[in-house]
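Here is how the chains run, residue by residue.
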Amino acid sequence: MSLTINYAARDSLTLLRRNLRRAQRYPAMTFSVVVMPVMMLALFNYAFGGALGAGIGGGSYIDYVTPGIVLMTATSGAVATAVAVCVDMTEGIVNRFRTMSISRSAFLAGHVIGSVIQTVIALVLVTGAAFAMGFRSSAGPVEWLAAAGLLLFVTLALTWISAGIGLVSKTPESASNTPLPMTFLPFLGSAIVPPDSMPTVLRWFAEYQPFTPIIETLRGLLMGTEIGAVSAWSSLGWCTALTLAGFFWSRSVFYRR
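The model shown is predicted, which means the values in this text are computed figures rather than measured ones.

Some thoughts on the overall build of the chain
When its secondary structure is counted, the chain shows twelve helices and zero strands. For the chain, the N- to C-terminal ordering of α and β elements is α-α-α-α-α-α-α-α-α-α-α-α. Computed over the C-alpha atoms, the radius of gyration of the chain is 19 Å, within 12% of the 18 Å expected from 2.2 N^0.38 for a compact globule of 257 residues. Projected onto the principal axes, the alpha-carbon positions of the chain cover approximately 60 × 40 × 35 Å. Pairs at least 24 residues apart make up 82% of the contacts formed inside the chain by residues separated by at least 6 positions. Taken as a whole, the chain presents about 12500 Å² of accessible surface, with 69% of it coming from carbon and sulfur. Averaging the positions of the 16 positive and the 10 negative side-chain charges in the chain gives two centres separated by 18 Å.

Here it is as structure tokens:
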């Protein structure tokens, strides 16, 4: 049993190095994961911040919107994962791997871990951009650590789901388009404005969709606002459910192909 685990871990590290080197050679997708959230942050802060900030009950709008945009960075990384997996599936490299003495689980593990590492780098860069635009956090080391853990958890969940999307996509173009609704779903939560300001139907959707409790928990950790037990446990529950669903779905699809 231990030999099997070591064997799979060794192959996963090998494919992880492959995926990271490929990301270095083709940085456009990784670059876009950083650029789009930074552009959104600048747009909402400088263009719409004055109008939208009036409805958040005081405080700086950049402080309100930053947790939502940071979360959007994690969802943007999902697109890169789906495209990378689809490219490997459609270009035939996976068939080559299957003729070699490589653990079958290593292919997905290498992609997922590599994408998580790239997304974490993007999260750090976007957070740095937010500080440059005036974001200020009241969080201490424990709160920052908890926020980082939550972002890592949601990134892992979205990456597994995106790996499944890449496996079922027929072309890289469809793989890049399919995760887009998930990328912009935080906008229909509490990322930009409080759900209380929305129409009734949209407010109901915003309150019960997965990203709202995650955003509120992240905002509470970074800004010192009240989180509430419901939001905290809901965010962990959604992250756990999405991770397990993405993990088992992607593995099931991969082993059937």
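A closer look at the nonpolar core
In terms of nonpolar packing, the biggest core is built from 46 residues, with Val65, Val154, Ile192 and Phe211 touching the most fellow members. Elements that contribute at least two residues to this core include exactly helix H2 (28-47), helix H4 (61-91), helix H6 (105-132), helix H7 (141-168), helix H11 (211-223) and helix H12 (229-256). Ranked by the residues each element gives to this core, the list is headed by H4, at 15 residues. Among the nonpolar cores identified, the runner-up in size contains 15 residues, and Leu15, Met89, Val94 and Trp160 belong to it.

A look at a nonpolar patch on the surface
Side chains of Leu188, Leu202, Trp204, Phe205 and Tyr208 sit close together on the surface and give an oily, nonpolar patch of about 520 Å² of accessible area. Looking at the secondary structure, you find Tyr208 in helix H10 (residues 200-208). On the accessibility criterion, Tyr208 (55% relative accessible area) is exposed.

Some points on the packing of aromatic side chains
Scanning the entire structure with this criterion turns up ten aromatic pairs. For the ring pair Phe131 and Phe135, a centre distance of 5.2 Å and an interplane angle of 65° mean the geometry is edge-to-face. Each member of the aromatic cluster is reached from another via a ring pair, and the members are Phe44, Phe184 and Phe187. In this structure, Arg219 is placed above the aromatic ring of Tyr64, and the distance from its NZ or CZ to the ring centre is 3.7 Å.

Re empty space enclosed by the protein
One pass over the structure, following the stated rule, counts one cavity of 30 Å³ or more. The volume enclosed by the largest cavity comes to roughly 60 Å³. If you go around the largest cavity, the residues you meet are Thr30, Val33, Gly77, Ala80, Thr81, Ser115, Gln118 and Thr119. Where the lining of the largest cavity is concerned, the elements lending two or more residues are H2, H4 and H6.

Calculation notes
The numbering scheme is per chain: residues are counted from 1 as the chain's sequence reads. Given that the model is predicted, a residue must reach a pLDDT of at least 70 before its local features are reported, and side-chain atom pairs must reach 80 or more before they are shown or counted; all residues, however, enter totals for whole chains, interfaces and linings. Side-chain numbers here rest on the full set of heavy atoms in the structure, without hydrogens or water. Only DSSP runs of H or I reaching four residues or more are called helices, and only runs of E reaching two or more are called strands; each is numbered from the N terminus. Here the globule rule is a power law, 2.2 Å times the number of residues to the power 0.38, and the radius of gyration is based on C-alpha atoms. By definition in these notes, contact holds between two residues if any of their heavy atoms fall within 4.5 Å. All accessible areas in this document rest on Shrake-Rupley with a 1.4 Å probe, and a residue is counted as covered only by the protein chains that are shown. Positive charges come from Lys and Arg, negative ones from Asp and Glu, while His and the chain ends are left out of the count. Each charge is placed at NZ for Lys, CZ for Arg, CG for Asp and CD for Glu. By nonpolar core is meant a set of buried Ala, Val, Leu, Ile, Met, Phe, Trp, Tyr and Cys residues that side-chain atoms within 4.5 Å join together. Burial status follows relative accessibility: with a 1.4 Å probe on protein chains alone, a residue under 20% of its type maximum counts as buried, one over 50% as exposed, and anything between as partly exposed. Patches draw on residues past 30% relative accessible area with no salt bridge. Two like charges within 9 Å are joined, as are two nonpolar side chains (Val, Leu, Ile, Met, Phe, Trp, Tyr) within 5 Å. For this analysis, a salt bridge means a side-chain nitrogen from Lys or Arg found within 4 Å of a carboxyl oxygen belonging to Asp or Glu. Stacked, tilted and edge-to-face are the three classes assigned to paired rings of Phe, Tyr and Trp, where Trp is represented by its six-membered ring and a pair needs centres within 6.5 Å; plane angles under 30 degrees give stacked, over 60 edge-to-face, the rest tilted. In our convention, an over-ring charge means Lys NZ or Arg CZ found within 6 Å of a ring centre and within 35 degrees of that ring's normal. Throughout, the protein atoms alone are placed on a 1 Å grid, and a set of points is a cavity if a 1.4 Å probe fits but cannot get out or a pocket if it is open with protein on both sides within 12 Å along at least five of seven lines; lining residues have an atom within 4 Å of a point. Grid points are joined across faces, edges and corners, and a volume is the space filled by probe spheres set on the points.

None of this, on its own, says anything about what the molecule does.
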